[in-house]
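# Survey of secondary and tertiary structure
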Amino acid sequence: MVKIEAICGCMWSGKSEEIARRLKPAKFARKTILVALPVIDDREERNLGQILKNPLWLSNYKNLHIKKVDSFEQLKELMSDIDPDILVMDEIHMFGSWPVDFINELRFLEKYRKQSLRIIISGLDMDFQGKPFETMSLIMGMAHDVRKLSDAICKKCEERTAVMTYKKPKNNIVNQDRIQVGGEKDYEPRCWECYMLGEN
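Quantities reported herein were computed from a predicted structural model and do not represent experimental measurements.

## Side note on the overall build of the chain
Check the secondary structure of the chain and you find 7 helices and 8 strands. Against the compact-globule benchmark of 16 Å for 200 residues, the chain has a radius of gyration of 17 Å, which places it among compact chains. By principal-axis analysis of the C-alpha atoms, the chain measures approximately 55 × 35 × 25 Å. Per-residue burial over the chain gives 50% buried out of 200 residues. Accessible surface, the chain: about 10,800 Å² in total, of which carbon and sulfur atoms supply 48%. Side-chain charges in the chain split into 32 positive and 31 negative, and the spacing between the mean points of these groups amounts to 5 Å.

Printed below as a string of structure tokens:
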């Protein structure tokens, strides 16, 4: 059986830490883990690969495979070669739309009628304009377990729970690209009230 778990929320809501927490018991169960990361995510800090290699989580675990992936075909080949017990896809919104078809295909494979596969999907639920990411929304519909995290505190008021990802303007201009890889210089978590205030 294929079991799908979806983890979503705004930036800095604790998604990567939640994945690490869920994967740690797999080390003791000797499960094989494949972590697929989007090729376009070139951040050197706060990426899931670095977090998992921390001694607190899965450092030196020989059955952990972390790969950069950019296509349906590439991930299909990795699944065949590694044959994981657990597939993780982080920053799902950065992959485009193909993961929806990929995961849907896995659900109905004859192989997984007898063999278990656990899929953990993580990513932003909405873009900086507050519009839901379609890929995450569709996967949430297929998931057996959905968790929307709200561990971040608003960067502006420093009081309320953050639920939105706010994109900072540069020279009073906001980059309108829906997918823009960035960190604290580009984005910040905000509560709804402060999100609506903008730069005021």
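## So, the pairing of strand β7 (residues 164–167)
Of the two faces of β7, both are covered, the one formed by Met-164 and Tyr-166 as well as the one formed by Thr-165 and Lys-167. Direction of pairing for β7 relative to strand β8 (residues 187–190): antiparallel, over a ladder of 4 bridges. Residue pairing for β8: Met-164 is matched across the bridge by Arg-190.

## Considerations on the side chain of His-93
One can find His-93 in the loop between β4 (86–89) and α4 (98–107). A residue is classified by how much of its surface remains accessible, and His-93, at 9% relative accessible area, is buried. Those residues in contact with His-93, other than ones at most four positions away along the chain, are Gly-123, Leu-124, Phe-133 and Ile-179.

## Details of the packing of helix α3 (residues 72–82) against α4
Working note: a packed helix pair is described by the angle between its axes plus the distance between those axes. Contact geometry of α3 with α4 gives a least axis separation of 10 Å together with a crossing angle of 35°. Crossing handedness for the pair α3 and α4: right-handed. In contact with Phe-72, Leu-75, Lys-76 and Met-79 of α3, α4 contributes Trp-98, Asp-101, Phe-102, Glu-105 and Leu-106. Looking at the contact of α3 with α4 residue by residue, the class counts come to 6 nonpolar, no polar and 3 charged.

## Description of the sheet that holds strand β1 (residues 2–9)
Strand order across the open sheet formed by 6 strands is β3-β2-β4-β5-β1-β6, with parallel pairing between neighbours. Only two strands of the sheet have a single partner each, and these edge strands are β3 (64–69) and β6 (145–148). When strand polarity is set aside, the average angle formed by the axes of neighbouring strands in this sheet is 15°. Here 8 bridges tie β1 to strand β5 (residues 117–124), and the two strands are oriented parallel to one another. Bridging across to β5, Gly-9 finds its partner in Leu-124. On top of the sheet, helix α1 (residues 15–28) reaches β1, β2 (33–38), β4, β5 and β6; it is set at about 165° to β5, its chief contact.

## Some points on the side chain of Asn-47
In this structure, Asn-47 sits in the loop between β2 and α2 (48–52). Here Asn-47 falls in the buried class, since its relative accessible area comes to 15%. Within the structure, Asn-47 has its side chain in polar contact with the backbone nitrogen of Gly-49 (distance 3.1 Å).

## Considering the confidence of the model for the chain
Within the chain, residue pLDDT values average 92, and 97% of them lie at 70 or more. Of all secondary-structure elements in the chain, the lowest mean pLDDT belongs to α2, at 86, while β4 reaches the highest, 98.

## With respect to the packing of aromatic side chains
Two aromatic rings are characterised by how far apart their centres lie and by the angle between their planes. A complete count under the given rule lists 5 aromatic pairs for this structure. With a centroid separation of 5.1 Å and 80° between ring planes, the pair formed by Phe-72 and Phe-102 is classed as edge-to-face. Within this pair, whereas Phe-72 is found in helix α3, its partner Phe-102 is found in helix α4, the two being separated by 30 residues in sequence. When the ring centre of Phe-128 is taken as origin, the NZ or CZ atom of Lys-167, which lies over that ring, is 4.1 Å away.

## Observations regarding the layout of surface pockets
Estimated volume of the largest pocket: approximately 510 Å³. For the lining of the largest pocket, the element with the most residues is α1, which contributes 3 residues. Across the lining of the largest pocket, the residue classes tally to 10 nonpolar, 9 polar and 11 charged. In this structure, the second largest pocket encloses a volume near 180 Å³. Looking at the second largest pocket, the residues that line it are Met-1, Lys-3, Pro-25, Ala-26, Lys-31, Asp-85, Ile-86, Ser-116, Leu-117 and Arg-118. Of all the secondary structure elements, the ones that give two or more residues to the lining of the second largest pocket are α1 and β5.

About the criteria used
Residues numbered from 1 in each chain as written. Predicted model: local features only at pLDDT ≥ 70, side-chain atom pairs only at ≥ 80, totals over all residues. Heavy atoms only, no water. Helix = DSSP H or I, 4+ residues; strand = E, 2+ residues; numbered from the N terminus. Rg over C-alpha atoms; globule rule 2.2 N^0.38 Å. Buried < 20%, exposed > 50% of the residue type's maximum accessible area, 1.4 Å probe, protein only. Areas by Shrake-Rupley, 256 points an atom, 1.4 Å probe, with all protein chains shown as cover. Lys, Arg positive; Asp, Glu negative; His and termini not counted. Charge placed at Lys NZ, Arg CZ, Asp CG, Glu CD. Pairing = 2+ DSSP bridges. Contact = heavy atoms within 4.5 Å. Axes fitted to C-alpha atoms, helices over the stretch in contact; angles between N-to-C directions. Left-handed = near helix turned anticlockwise from the far one by under 90°. Nonpolar A, V, L, I, M, F, W, Y, C, P; charged D, E, K, R; others polar. Polar contact = N/O pair within 3.5 Å; in protein donor to acceptor, adjacent residues only side chain to side chain. pLDDT = per-residue confidence, 0-100. Phe/Tyr/Trp six-rings, centres within 6.5 Å; stacked < 30°, edge-to-face > 60°. Lys NZ or Arg CZ within 6 Å of the ring centre and 35° of its normal. 1 Å grid on protein atoms, 1.4 Å probe; cavity = no way out; pocket = protein on both sides within 12 Å on 5 of 7 lines; lining within 4 Å. Points joined across faces, edges and corners; volume = space filled by probe spheres on them.

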